[in-house]
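Chain residues, written in single-letter form:
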Amino acid sequence: MVMLFCRYLPSSSIAKRFIVIPITLLLAAQYGGTVTTTPTSGGGNIQHDWEEISARMGEIEFPVFTNVPEANKRFMAGLKAQLYGWIEFATDQFRASQELDPSFAMAYWGEAMSYAFPLLHIDQADLSRATLAKISAKNLVTSNTEDQYINASIALVKANTTQDERYRQFTVHLERITQNGGPGSDVAAILLASMMYELDGKYGYSTEKALDVLANVLKKQKAHPLALFYMITLHAYASPTKYTNVALQAADEMETMKSGPYTGLYRYPPALHIPRAYLYFTYGRWTNMTDAGNVALNLHDNYVTFHKNGSHPSALFRFHASMTVHIGLLQRAKFSQAYSILLQLKSTVNVTDGTSPLLSAYLGAYYTMAARQYLETRNYNISRYKTMDLDEVYSTPLDPTGRGNAVSEAILLLARGLQQINRATMSKARMEVIEGRLANKPQFDQDRTIVEIFRLQLTAHQEYGYGDYTKAFDLLRQAAEKEGSLSTHIHDTTYLYIPSWEMYGDLYSKYDTQAHTEQFYLRALKKYPGRTASMLGVARSYQRTMRTITYGENVRVWYNKVYNVWRHSDTEFAALTEVEHAVTPDTPWWAKYVVIGAVVGVGAIFFLVIVIVADKRRTKTDSIITISKREIQETKAMYLASGVEKNPLGDRPHLLEMQPRPLSATDSIPDAPSPTTQMVQGVAPAEYVVAPQDVILDDIVAPTDQK
């Protein structure tokens, strides 16, 4: 299966070349828990719980003629899997359907399509023709709709005809079926969209027309799983279109919705996660990209762990999910986490057998990620990554004619040359060798152009180091022009490195610290939205040249954009501190004195209030004491002056005023009454006078001057 994909995978188009990976990478991954290793009679090496898988792929309408319901179910499971790109599973289902109903014509048609599937660049025309021939050889009964699909496939694999012509004829048949409408026409529409994309720029077909076809399907069925899948996937490899919001909405719905019209689609996420990651990548939505990549990575690992089957295509392309996560983490300044992803891939390279066909793919991915780890951090002066041993990483030159090898090796050569300028000459020489190997091979034109861009970028930095600034900037302009002239919008994860205009801005900022370099970074952002290094360059340029209020607003706006991406960084570095300081509102020089004065003033007022309250309380207490003393003196004087009338004891004379009377001869002295007798009767003797207890005699002193 691995060789099947690699053999029919041309390198002339980056987008088309890498669309194979996300479609096939994780289609099976979600179903790891339902798979056994029992071989199928159809030749597959694993037996799946096909009913569960089919249910999770959503429902589509495609009427076919068979009297065996089980055969029809198997066929539908195979058809959906095929359109999602899971060819191995689809072929197993078509063969199982044939066994259940040998007279089922469309089961043979489905198998034939597995051998000739243009979107995945599978073109085993001879094998496909032989399978289609069984339909006529067996005189199988077909409906009018089935005949249209069979005839389209016959045109697709017609002998003695060029591939372009076969593809054109196949597309014409699909257009006719789609225009006729009716049950099952949405399958033709999906295939038609894929062919219009494949033939972009030929015979009047284009990606835009492909998206129009998908939009018409979605008008009829809003949550059509296949239409949404292709809408997301085609946008992941194309410049923005009028349907971009539709694709983004579908991707977002898959991220957040677990109910409603997208329920079925949410339950079937494997094939969509890599294209979703690319779609978010295109618009600089790094958190969404990282999340989608992580889901794809986890699903893949679960699948491979269950099967222990390293030969499965998803195992070959595991690094693709890793790269999406790696890029997202680097853009979010989560450099430590990104480095751990790199080390995981390094361990995979170390344990891979040197004779394994996987080694070249893993090495290419390792070179790519190591180069990116250095390039994305080189301006932040983080010692751990600035001193990365790129010589140790670059262990083996790659075959430039292998898929993606030329670009993967060239970007590592660029990183090594920038890390130590004395390596630049050697790195450039190797790049020239790679360009020579790709010369006169039209299918590698774009790869060769990208390698040339890297060589121009490295040469520019070398000339700048020599002091030839004019030549350095001229070389970067050439690189930027070539970058802009590429036929495909290069935002595939493998090819996003350092934009030439961003490099231009970095060098010019060093050359002239007062120059308006924001224009260069803005050009880079136009092609690569959301790049934090470019956004930081814009903010710094506005800050250096800030002369007006408008410029000041721009500084805050652009620093805030960077901060919103970096706010959860896992690494401390100077640029992050700079951004955090910039988004913190500035305090005027006099503000601290105002604060100090306010604190002192409040403290003084509080102290005065306490003093005043305490003084009032003390004054009131003194007054009460003074009044009490005066009243006592006046009362004493009043008693002495007024005599008995004012005696508080009433009519009884005061003890001080009672003068003892001398006894006469006639007075008799009565015997003292017995207190016991009187008290028993409850009457105190009249002569037994007791002074009131509240009168203290010692306190009342008669004035000595009164006679």
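Counting of residues starts from 1 at the beginning of each chain's written sequence and follows it residue by residue. Owing to the predicted nature of the model, reporting of local features is limited to residues with pLDDT of at least 70; listing and counting of side-chain atom pairs is limited to 80 or more, with chain, interface and lining totals taken over all residues. The side-chain quantities take in all heavy atoms of the structure and omit both hydrogens and water.

Enquirer: Looking at this model, I keep getting lost on the overall build of the protein chain. Mind explaining?
Expert: Along the protein chain, the regular secondary structure elements total 33 helices and four strands. Relative accessibility decides the category of a residue: with a 1.4 Å probe and only protein chains considered, values under 20% of the type maximum give buried, values over 50% give exposed, and everything between is partly exposed. Sorting the 707 residues of the protein chain into buried and exposed places 50% on the buried side. Every residue pair with non-hydrogen atoms within 4.5 Å of one another is taken to be in contact. Within the protein chain, contacts between residues separated by at least 24 positions form 65% of all contacts whose residues are at least 6 apart in sequence. Residue burial considers only the protein chains on display, and all accessible areas are found by Shrake-Rupley using a 1.4 Å probe. For the protein chain, the computed accessible surface area is about 33,900 Å², with 55% contributed by carbon and sulfur atoms. Helix and strand definitions here come from DSSP, where helices need a minimum of 4 consecutive H or I residues and strands a minimum of 2 consecutive E residues; each element is numbered from the N-terminal end.

Enquirer: Even after reading the chapter, I still don't get unusual backbone geometry, so can you show me in this structure?
Expert: Note: most peptide bonds trans; most residues except glycine with negative phi. One non-glycine residue, Asn160, lies in positive phi territory at about 55 degrees. Relative to the helices and strands, Asn160 is located in the loop between helix H8 (144-156) and helix H9 (163-180). Asn160 sits in the exposed class, given a relative accessible area of 85%. A positive phi angle is found at Asn440, which is not glycine, with a value near 60 degrees.

Enquirer: Is there a simple way to think about the nonpolar core in this case?
Expert: Soluble globular proteins tend to pack their nonpolar side chains together in the buried interior. Core analysis: the biggest nonpolar cluster contains 181 residues, and Phe75 and Trp566 have the highest contact counts within it. With 13 residues, helix H20 (residues 358-375) is the single largest residue contributor to this core. Residues contacting Trp566, with those up to four places away along its chain left out, are Gln331, Arg332, Ala333, Tyr380, Thr532, Leu536, Phe573, Ala575, Leu576 and Val579. Here, nonpolar core means buried Ala, Val, Leu, Ile, Met, Phe, Trp, Tyr and Cys residues that are tied together by side-chain atoms lying within 4.5 Å of each other.

Enquirer: Just to check I follow, could you spell out the pattern of salt bridges for this structure?
Expert: In a structure, side chains of opposite charge can pair up when their charged atoms sit close to one another. The term salt bridge refers to a pairing of a side-chain nitrogen on Lys or Arg with a carboxyl oxygen on Asp or Glu at a separation within 4 Å. Inspection of the entire model under this criterion finds 20 salt bridges. Between Asp252 and Arg285 there is a salt bridge; the shortest N-O distance is 2.8 Å. Separated by 33 residues along the polypeptide, Asp252 in helix H13 (residues 244-256) and Arg285 in the loop between helix H15 (270-282) and helix H16 (286-307) bring together distant segments of the chain. Here Asp252 falls in the partly exposed class, since its relative accessible area comes to 26%. With its nearest N and O atoms 3.8 Å apart, the salt bridge here joins Glu463 to Lys471. Overall, the relative accessible area of 40% leaves Lys471 in the partly exposed class.

Enquirer: Would you explain helix H31 (residues 574-583) in this entry?
Expert: Since the α-helix packs 3.6 residues into each turn, any two residues three or four apart lie on the same face. Within the span of H31, buried status applies to Ala575, Leu576 and Val579. One side of H31 carries all its buried residues, which in axial view fall inside an arc of 100 degrees. Opposite its buried face, H31 presents the exposed residues Ala574 and His581, each directed more than 90 degrees away. The reported arc concerns the directions from the helix axis to the C-beta atoms and nothing else.

Enquirer: Before we go on, may I ask you to explain the side chain of Ser128 in this structure?
Expert: Note that Ser128 resides in helix H7 (residues 125-137). Among all residues touching Ser128, those that are not within four sequence positions of it are Ala112, Tyr115, Ala116 and Val157.

Enquirer: What should I look at first to understand the packing of aromatic side chains in this one?
Expert: For any two aromatic rings, the description comes down to two numbers: the centre-to-centre distance and the angle of the planes. Here is the rule: rings of Phe, Tyr and Trp (six-membered ring for Trp) pair when centre to centre is within 6.5 Å. Planes less than 30 degrees apart are stacked, more than 60 are edge-to-face, and the remainder are tilted. Scanning all chains against the criterion turns up 30 aromatic pairs. Ring geometry for Phe335 against Tyr385: centres 6.3 Å apart, planes inclined by 65 degrees, an arrangement best described as edge-to-face. Remark: Tyr385 occurs in helix H21 (residues 383-386) and Phe335 occurs in helix H19 (residues 335-351); sequence separation between them is 50 residues. For Phe335, a relative accessible area of 0% puts it in the buried group. Judged by its relative accessible area of 1%, Tyr385 is buried. A ring pair is formed by Tyr504 and Phe520, whose centres lie 4.6 Å apart and whose planes are at 50 degrees; its orientation type is tilted. Of the two residues, Tyr504 is situated in helix H27 (residues 500-511) and Phe520 in helix H28 (residues 518-527); the sequence distance between them amounts to 16 residues. As far as burial versus exposure is concerned, Tyr504 and Phe520 are alike and both buried. Through a chain of ring-to-ring contacts, three or more aromatic side chains come together here, namely Tyr464, Tyr469, Phe473, Trp501, Tyr504, Tyr508, Tyr511 and Phe520.

Enquirer: Help me understand the packing of helix H4 (residues 69-84) against helix H5 (residues 87-100) in this model?
Expert: How two helices sit against one another is set out by the angle between their axes and by the gap between those axes. For the pair H4 and H5, the least separation of the axes is 8 Å and the interaxial angle reads 160 degrees. As judged from the angle between their axes, H4 and H5 are roughly antiparallel. Of the two possible hands of crossing, H4 and H5 adopt the one that is left-handed. Two secondary-structure elements touch here, H4 through Glu70, Ala71, Arg74, Phe75, Ala77, Gly78, Leu79, Ala81 and Gln82 and H5 through Ile87, Phe89, Ala90, Gln93, Phe94, Ala96, Ser97 and Leu100. In terms of residue class, the contact of H4 with H5 is made up of eleven nonpolar, four polar and two charged. As a rule, the C-alpha atoms of each element are fitted with a line to give its axis, helices using only the stretch in contact, and angles between N-to-C directions run from 0 to 180 degrees. Each angle gets one of four labels, with under 35 degrees taken as roughly parallel, over 145 as roughly antiparallel, 65 to 115 as roughly perpendicular, and the rest as oblique. By convention the crossing between two helices is left-handed if the near helix lies anticlockwise of the far one by an angle smaller than a right angle, and right-handed if it lies clockwise. Three categories are distinguished: nonpolar for Ala, Val, Leu, Ile, Met, Phe, Trp, Tyr, Cys and Pro, charged for Asp, Glu, Lys and Arg, and polar for the others, with Gly belonging to the last.

Enquirer: Sorry, what's going on with the environment of Lys158 here?
Expert: Structurally, the position occupied by Lys158 is in the loop between H8 and H9. Separated by 30 residues in sequence, Lys158 and Ser128 have C-alpha atoms that sit 9.8 Å apart. Discounting chain neighbours no more than four positions away, the residues touching Lys158 are Arg129 and Arg166.

Enquirer: Any chance you could explain the confidence of the model for the protein chain here in plain terms?
Expert: Every residue is assigned a pLDDT by the predictor, reflecting its confidence on a scale from 0 to 100. Mean pLDDT over the protein chain: 78, with 72% of residues reaching 70 or higher. Note on residues 257-270: pLDDT is under 50 here. Beyond four places in sequence and across chains, it has 32 contacts. Contacts for the low-pLDDT stretch residues 303-316, under 50 throughout, to residues beyond four places or in other chains number 33 contacts.

Enquirer: Any chance you could explain helix H23 (residues 405-419) here in plain terms?
Expert: In this scheme, a helix's expected span is set at 1.5 Å multiplied by one less than its residue total. The end-to-end C-alpha distance of H23 is 21 Å, a good match for the 21 Å that 15 residues give at a rise of 1.5 Å each. Counting buried residues along H23, 15 of its 15 residues qualify, which places the element largely inside the surrounding structure.

Enquirer: Honestly, the packing of H8 against H9 in this entry has me stumped. Any pointers?
Expert: Put simply, H8 and H9 touch, their axes get as near as 7 Å, and they point 165 degrees apart. Considered as vectors, H8 and H9 are oriented roughly antiparallel to each other. The handedness of the crossing between H8 and H9 comes out as left-handed. Between H8 and H9, the contacting residues are Gln148, Tyr149, Asn151, Ala152, Ser153, Ala155 and Leu156 on the first element and Arg166, Tyr167, Gln169, Phe170, His173, Ile177 and Asn180 on the second.

Enquirer: Could you clarify how one ought to interpret a nonpolar patch on the surface in this entry?
Expert: Taken together, the side chains of Phe607, Leu608, Val611 and Ile612 make up a nonpolar region of the molecular surface, amounting to roughly 390 Å² of accessible area. Along the polypeptide, Val611 turns up in helix H32 (residues 591-642). For Val611, a relative accessible area of 39% translates into the label partly exposed. Two distance rules govern patches: like charges are joined within 9 Å, and nonpolar side chains (Val, Leu, Ile, Met, Phe, Trp, Tyr) within 5 Å, applied only to residues with over 30% relative accessible area and no salt bridge.

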